[in-house]
Amino acid sequence: MQQWQILAILLVTIGLFLWGRWRHDLVALSALLACVLLGLVNSDNAFIGFGHPAVITVACVLILSSGLQTTGAVDLLAKYTLPKSSGPTISIGVLMTIGALLSSFMNNVGAMALLMPLAIQLSKRLELTPGKVLMPLAFGTILGGMSTLIGTPPNLIVSGFRSQAGLGHFGMFDFTIIGVCVAAVGITFIAFIGWHWVPKREPKGIKGFESGSYLTEAIVPEDSAAIGKTLGIIGQELDRHDAQVVSMVRNEFRVFAPYPNRRILQGDILMIEAEPASLSGALTEIGLEIQQENPPKEPGGEQDLMGPDKPLQKEELAQTSLQEFVILPDSLLIGRSAREVQLSRRYALKLLAISRQGRRSIKRLRWEKLQAGDLVLVQGNPEALTGFANTFSAVPLANRDIRIPNVKQAAFAALIMATAILATAVGLTSAPVAFSVAVIGYVVTDIIPLRKLYDAIDWPVIVLLACLMPVAAAMASTGTAYWLASVLLENVAQGSPIIALTLMLVVTMTLSDFMNNAATAAVMCPIAVSTAQQLSASPDPFLMAVAIGASCSFLTPIGHQNNTLILGPAGLKFGDYWRIGLPMEILVVLISIPLLQIVWPL
């Protein structure tokens, strides 16, 4: 009965992961609580996963990665290593190599976020569509994470399960031989062949907003010259500024393609499509203002007209800047609208347009809930735009940097990180201890201010890992993992260790294409250990197969955060990834299986 219960919980959990309606950490917590209520996990040990070495190490690595970003260490590396005049093959190969190298020692999402603006600049120099550079970069950063213990959470999870099996933790560079070989072949394939297979798509998010036109909402104030005029007349006046009205809102009711004879009233909201340079003139011509939230009132009842909540006036519009951002997977904006976060009232910013997977949205912008990978066009002064990027985890796609490299601090950050890696590699201390000491070093040297220490941690990932640890342990303690391994061995592998190893890699890789890679590793590790035990083989090659498979998510944009991150900027679609993702996964299998038998004999 317990085996059926844990199996049912596991299947429901995987289904919810694939559905994607709820966040992974909430799904994992629900699975853990279900196990506790059914008696599969002792209530006293329900949250023991939060003290697991793998969870502590992941948290510390995220903090250290943030320090490398904020000091500009990565920017300096990219500045002096990226080719300035080479062709596509060499340029893309070097960019992927840098991404792989960085993601070996820092969070691969952070490495991707740092290199995205450089990739887009490189695509312009090479006269390629952004997707032909961004997809190789995403795959390169994913490949690089396999090379070290701290490169990606699945490696840490696998190491933890090896310790539970009584074999001790994997070392810092136990993953390196296979990881580097797989990454080298993958990078070579993409640099010479793969990037040609990326569909040639022109993302509207990058060119449509800047060299074409964008959409903004303008309100008709009480003293506007537009009051009483028809939309037809307004359209003629806007024609002189290469602008047009695409829709309007009256009394919260939206009208698409409004009738030309409809007269304008005070308070109407017009959705205007215009060139950035001509917007100010267009608004001045017909007497409109940028649509803003109503500013808050002071205790005395008067509005604060000097604060950041003051609506933008026509003469102020020319002094503001336009900045395009891509929303990161850990952004506070995900699932929320500009109105919900009070973007204009609290941050003096205006959301002008949204592009999702290359499609520009003309809905009421302040009501539109944002998603990871969305491109947003934001208007405001440079200081407010910089604050927006830092507060909401958004990557700017123009040439304006938001980090000022500090050579001294960058050197300290790199030295502390290298020392922690060396201490772990030579066995001086364990990874959690070494990287915890490194975090203290970052705080002492002011690389990361104490007030921002915990902001650098991706808490949903931490909760996900900590909750799935006891669930995975219940799979082993109830015998469910042993039973699943028996079914696979008897019906598919038929007792062959090599077939079983290949099956372990392919199944893990397939799951990772559709669900979180850390969750995939936690689910598959008990099965891998049980499979090895039944074959009287070493669990190491099977655990390594899980680590490789969990990291190789190339078929879909939802398998890995880096794949999601490039959807908007590259203008890609869901079905574009398999074109080079499928050959990549086949290459991974062909290279990994022989190497596993050599490096980690069965």
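Before reading on, note that the structure itself is shown above.
The rules we used
- Residues numbered from 1 in each chain as written.
- Predicted model: local features only at pLDDT ≥ 70, side-chain atom pairs only at ≥ 80, totals over all residues.
- Heavy atoms only, no water.
- Salt bridge = Lys/Arg side-chain N within 4 Å of Asp/Glu carboxyl O.
- Helix = DSSP H or I, 4+ residues; strand = E, 2+ residues; numbered from the N terminus.
- Buried < 20%, exposed > 50% of the residue type's maximum accessible area, 1.4 Å probe, protein only.
- Phe/Tyr/Trp six-rings, centres within 6.5 Å; stacked < 30°, edge-to-face > 60°.
- Lys NZ or Arg CZ within 6 Å of the ring centre and 35° of its normal.
- Core = buried A, V, L, I, M, F, W, Y, C linked by side-chain atoms within 4.5 Å.
- Contact = heavy atoms within 4.5 Å.
- Axes fitted to C-alpha atoms, helices over the stretch in contact; angles between N-to-C directions.
- Parallel < 35°, antiparallel > 145°, perpendicular 65-115°, else oblique.
- Left-handed = near helix turned anticlockwise from the far one by under 90°.
- Nonpolar A, V, L, I, M, F, W, Y, C, P; charged D, E, K, R; others polar.
- Expected span 1.5 Å × (residues − 1).

J.: I'd like a description of the pattern of salt bridges, backed by residues and values.
T.: Applying the stated criterion across every chain, the model contains three salt bridges. In this structure, Asp 540 and Arg 162 form a salt bridge, with 2.7 Å as the shortest nitrogen-oxygen distance. Taken together, the residues Asp 540 in helix α22 (residues 539-551) and Arg 162 in helix α8 (residues 153-164) connect sequence positions 378 residues apart. On the basis of relative accessible area, Asp 540 is assigned to the buried category, the value being 8%. For Arg 162, a relative accessible area of 12% puts it in the buried group.

J.: Hey, could you go over the packing of aromatic side chains for me, with residue numbers and the actual values?
T.: In this description, an aromatic ring pair is defined by two values, namely the gap between the centres and the angle between the planes. The final tally for this structure, using the stated rule, is eight aromatic pairs. Following the ring pairs from residue to residue traces out a cluster consisting of Phe 170, Phe 175 and Trp 600. We note Arg 162 situated over the ring of Phe 170; from NZ or CZ to the ring centre the distance is 4.6 Å.

J.: Please set out the nonpolar core residue by residue, giving values where relevant.
T.: Phe 139, Ile 157, Phe 435, Tyr 442, Phe 542 and Leu 596 are the most contacted members of the largest nonpolar core, which totals 144 residues. Among the elements that take part in this core, helix α18 (residues 459-477) stands out by supplying 12 residues, more than any other. Apart from residues lying up to four places away in sequence, Phe 435 is in contact with Thr 57, Cys 60, Leu 64, Ile 150, Met 172, Met 417, Ala 420, Ile 421 and Thr 424. Within the second largest apolar cluster, 18 residues are counted, among which are Ala 338, Ile 354, Leu 370 and Ala 389.

J.: Tell me about the packing of helix α21 (residues 517-534) against α22, and name the residues and values.
T.: As a packed pair, α21 and α22 sit with axes 9 Å apart at the nearest point and diverge in direction by 160°. With respect to their mutual orientation, α21 and α22 come out roughly antiparallel. Where α21 crosses over α22, the handedness of that crossing is right-handed. Of α22, the residues touching α21 (which contributes Asn 517, Ala 521, Met 524, Cys 525, Ala 528, Val 529, Thr 531 and Ala 532) are Pro 539, Phe 542, Leu 543, Val 546 and Ala 550. In terms of residue class, the contact of α21 with α22 is built from 11 nonpolar, two polar and no charged.

J.: Before we move on, could you go through helix α20 (residues 497-512) and cite the residues and values that matter?
T.: Within an α-helix, residues lying three or four positions from one another point in the same direction, as the helix has 3.6 residues per turn. Taking 1.5 Å of rise per residue, the 16 residues of α20 would be expected to cover 22 Å, and the 22 Å separating its terminal C-alpha atoms lies within 8% of that figure. Taken together, the buried positions of α20 are occupied by Ala 500, Leu 501, Leu 503, Met 504, Leu 505, Thr 508, Met 509 and Ser 512.

J.: Mind laying out the environment of Met 248, listing which residues take part and the relevant values?
T.: Within the secondary structure, Met 248 is located in strand β2 (residues 244-250). By relative accessible area, which is 1% here, Met 248 ends up buried. When the C-alpha positions of Met 248 and Leu 231 are compared, they lie 9.8 Å apart, and in sequence the two are 17 residues distant.

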